[in-house]
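Fold and geometry: a report
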Amino acid sequence: MKSTAEIKVPEKIIDQVIGQDEAVDTIKKAALQRRHVLLIGDPGTGKSMLGLALAELLPKSELKDILSYFNPNDENTPLIKELPAGQGRDEVKKYQLSGGQGMKNNNFLLFVVAIVTLIAPWWVRYHYQSDIMFAAFFIGGMMFLAAVSLIMGMGQRMFRFSQEISPKLIVDNGGKKQAPFYDVTGSHAGALLGDVLHDPFQSGGLGTPANLRVVAGMIHKAHMGVIFIDEIATLDPRTQQELLSALQEKKFPITGQSERSAGAMVRTDPVPCDFIMVAAGNVETVKDMHPALRSRIRGYGYEIYMNETMLDTPENRIKIARFIAQEVKKEKGKIPQFSPEAVEEIIQEARKRANRKGHLTLHLRGLGGLVRAAGDLAKEEKAELVQKKHVHGAKKLARPLEQQIADKHIERKKEYEVIVTTGKRVGRVNGLAVIGGGSAYSGILLPIEAEVTAAGKKNEIIATGKLGEIAKEAVKNVSAIIMKYFGEDIIESKDIYIQFLQTYEGVEGDSASIAVATAIISALKNIPIKQEVAMTGSLSVRGEVLPIGGVSSKVDAAIDAGIKTILVPKSNLQDIVVDEDKLKKVKIIPVTSVEEVLSHALDWSGNERLRDHIMNGKKKNVKNKRKK
């Protein structure tokens, strides 16, 4: 192709969803059978798009208008009526025309009475020649005229006894071309479940009829359509319970949501709300969601876990190119089309953000931000097509917040010499970590120091730096490695202190395990660590280096910080997706055991016998495995 202009963008939303084939099939079934759906996955993977697609697949012919009528037997219980879509407006107009004619007749009668009232004082004065009677009739007439004006201003309120009260169209589907879709994420109870407005004029017949104060909720407006609720667990438990009632009964009465409101006295007949609910959230949502509500979805619908990546195949790379074309189309001419080279660069970024070798990310919202940023740069230069250079520029322009924080983190720590990338130091190692999550991983260099002192009352390993539970457990596991190579007695009489330098934002996870072990062994044996080396990897209690996440971001951060050698788990080597120009600046060494880590990270000058002891220990372990 010459540009993304040649790529055909599907008209239907369901065909625009990328990389969620199982979810698409399930959504089609849900639309056919009117099933509820729970979508669980990271933000930006297409959950709201699937909700829109479901609404698009529903038939239009079943849509209804809903009206609220005055109840002559109990005005606080408005009557509810369904009509075919488009007929609700005609029904309201019919009542308004009937009531308007009655109002005109009443107003004309009152106008005649007002004229007579003004003429009467003069007639009395002419016939009786009495100023007192004139004054009395004139003042009385003015007061009556004022009363008449007030009554005329009250309009329909004062004449309810003589005319029918007009119904209110609370759900209007006239002119709709497809089933309604409402994103109710973050809506309060009134907006979601409906409300009855407060009216202070509730005495003397001056109040607005209850049926005219009824406001339909989104669950009612979505009757025969779809409501989408993201982060459903954030809804108030009471609201979730009422939502469950609406799902079960497919009808839900509207009442005032505030106890202090006059609307709290009003409760309509049940209002139809036969909607399909698409609930969404992350893994934590499942834990915090109302159990009965989730049970209802699971029993009468489907639960879907969204894919985070898809295989890096020619077919899927074409899908990413189509995604770029879709995003350009959404911008409606605000950004130019993409050249093949620019498309390939976006695909390369999709590989990197996947954090898995041979996969492409499906966190497409973030990728869409990169597309728009590159388009903005091309538009600024008045380029006909977005080129590769524009995508490179967009990577810096559209950096996620985590990356900006990481950059400033490294810059400031280097400025104050917290980060050291040259020379050799005992007990100090450059670990690697990430901040953020999903596709917004950003790497940071994490300096770690260890010190060994004589034991106090109880020998222990003490770690500081606002560590999370997993990180604390990883530090404890390092003690097993130390005892394995140096014997139990070496730490029995010692206290070991580990500090994650200036980690005010906290540390979680176990990917710093090999760095912690290296720092402790260096401090115990007084062997310096090469500061141009950085490392990341989890560590088993048997000394095996295990894979970790975010390896590409960590390697990126190490290169930017000036590191020359990076130790990574061998199983993560295939996951590294970094620009080739950057990779030329650094040596990446895959490691499988703590022995290999120590061999590359420590300066063994003068300690060759100890190095051989550790490496011989590894050889013995290998022989034992072979015998078994």
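What counts, and where the lines are drawn
- Residues numbered from 1 in each chain as written.
- Predicted model: local features only at pLDDT ≥ 70, side-chain atom pairs only at ≥ 80, totals over all residues.
- Heavy atoms only, no water.
- Buried < 20%, exposed > 50% of the residue type's maximum accessible area, 1.4 Å probe, protein only.
- Helix = DSSP H or I, 4+ residues; strand = E, 2+ residues; numbered from the N terminus.
- Pairing = 2+ DSSP bridges.
- Salt bridge = Lys/Arg side-chain N within 4 Å of Asp/Glu carboxyl O.
- Axes fitted to C-alpha atoms, helices over the stretch in contact; angles between N-to-C directions.
- Left-handed = near helix turned anticlockwise from the far one by under 90°.
- Contact = heavy atoms within 4.5 Å.
- Nonpolar A, V, L, I, M, F, W, Y, C, P; charged D, E, K, R; others polar.
- Polar contact = N/O pair within 3.5 Å; in protein donor to acceptor, adjacent residues only side chain to side chain.
- Expected span 1.5 Å × (residues − 1).

Turning next to the pairing of strand β2 (residues 64–69). Counting buried positions along β2 yields five of six residues, so the element is predominantly enclosed. Summarising the sheet, β2 and strand β3 (residues 79–84) pair through six bridges and their orientation is antiparallel. Within β3, the position partnered with I66 by the bridge is E82. When β2 meets strand β4 (residues 168–171), the two strands line up antiparallel, connected through three bridges.

On inspection of all chains with the given rule, the structure shows 26 salt bridges. Its salt-bridge partner being K287, residue E284 comes within 3.0 Å of it at the nearest N-O pair. A residue pair is termed a helical-turn pair when its members lie 3 or 4 positions apart in one helix, as E284 and K287 do in helix α8 (residues 283–288) at three residues. We classify E284 as partly exposed; its relative accessible area is 43%. Look at K287 and you get exposed, because its relative accessible area is 63%.

When two helices pack together, their arrangement is given by the angle between the helix axes and the distance between those axes. Two numbers describe how helix α1 (residues 21–33) lies on helix α2 (residues 47–57): the axes approach to 9 Å, and their chain directions differ by 35°. Of the two elements, α1 crosses α2, and the hand of that crossing is right-handed. The segment α1 lies against α2, with A23, V24, I27, K28, A30 and A31 engaging L50, L54 and L57. Classifying every residue of the contact of α1 with α2 gives eight nonpolar, no polar and one charged.

Our focus in this paragraph is the sheet that holds β2. Here three strands make up an open sheet; going across it, the order is β3-β2-β4 and the pairing antiparallel. Edge positions in the sheet fall to β3 and β4, since each of these pairs with one other strand and no more. Direction aside, the axes of adjacent strands within the sheet are offset by 35° on average.

Another point: the sheet that holds strand β11 (residues 276–281). Whether parallel or antiparallel, the strands of a sheet pair through hydrogen bonds between backbone atoms. As summarised here, the arrangement of the five strands in space is β5-β8-β11-β1-β12, forming an open sheet in which the pairing is parallel. Each having just a single partner strand, β5 (181–183) and β12 (301–305) make up the two edges of the open sheet. Neighbour-to-neighbour, the strand axes of this sheet turn through a mean angle of 15°, independent of strand direction. Taken together, the five bridges between strand β1 (residues 36–40) and β12 define a ladder with parallel strand orientation.

As for its placement among the helices and strands, T309 is situated in strand β13 (residues 309–311). In terms of polar contacts, T309 uses its side chain to reach the side chain of R356, at 3.3 Å. Residues in contact with T309, not counting those within four places in the same chain, are A354, R356, H359, L360, T361 and L362.

A word on helix α7 (residues 237–249). Taking 1.5 Å as the rise per residue, α7 with 13 residues should run 18 Å; its terminal C-alpha atoms sit 19 Å apart, in good agreement. Of the positions making up α7, those classed as buried are T239, Q240, E242, L243, L244, A246 and L247. At the N-terminal boundary of α7, the capping side chain belongs to D236, with an oxygen 2.9 Å from the backbone nitrogen of R238. Following α7 by one or two positions, K250 has its phi on the positive side, about 65°.

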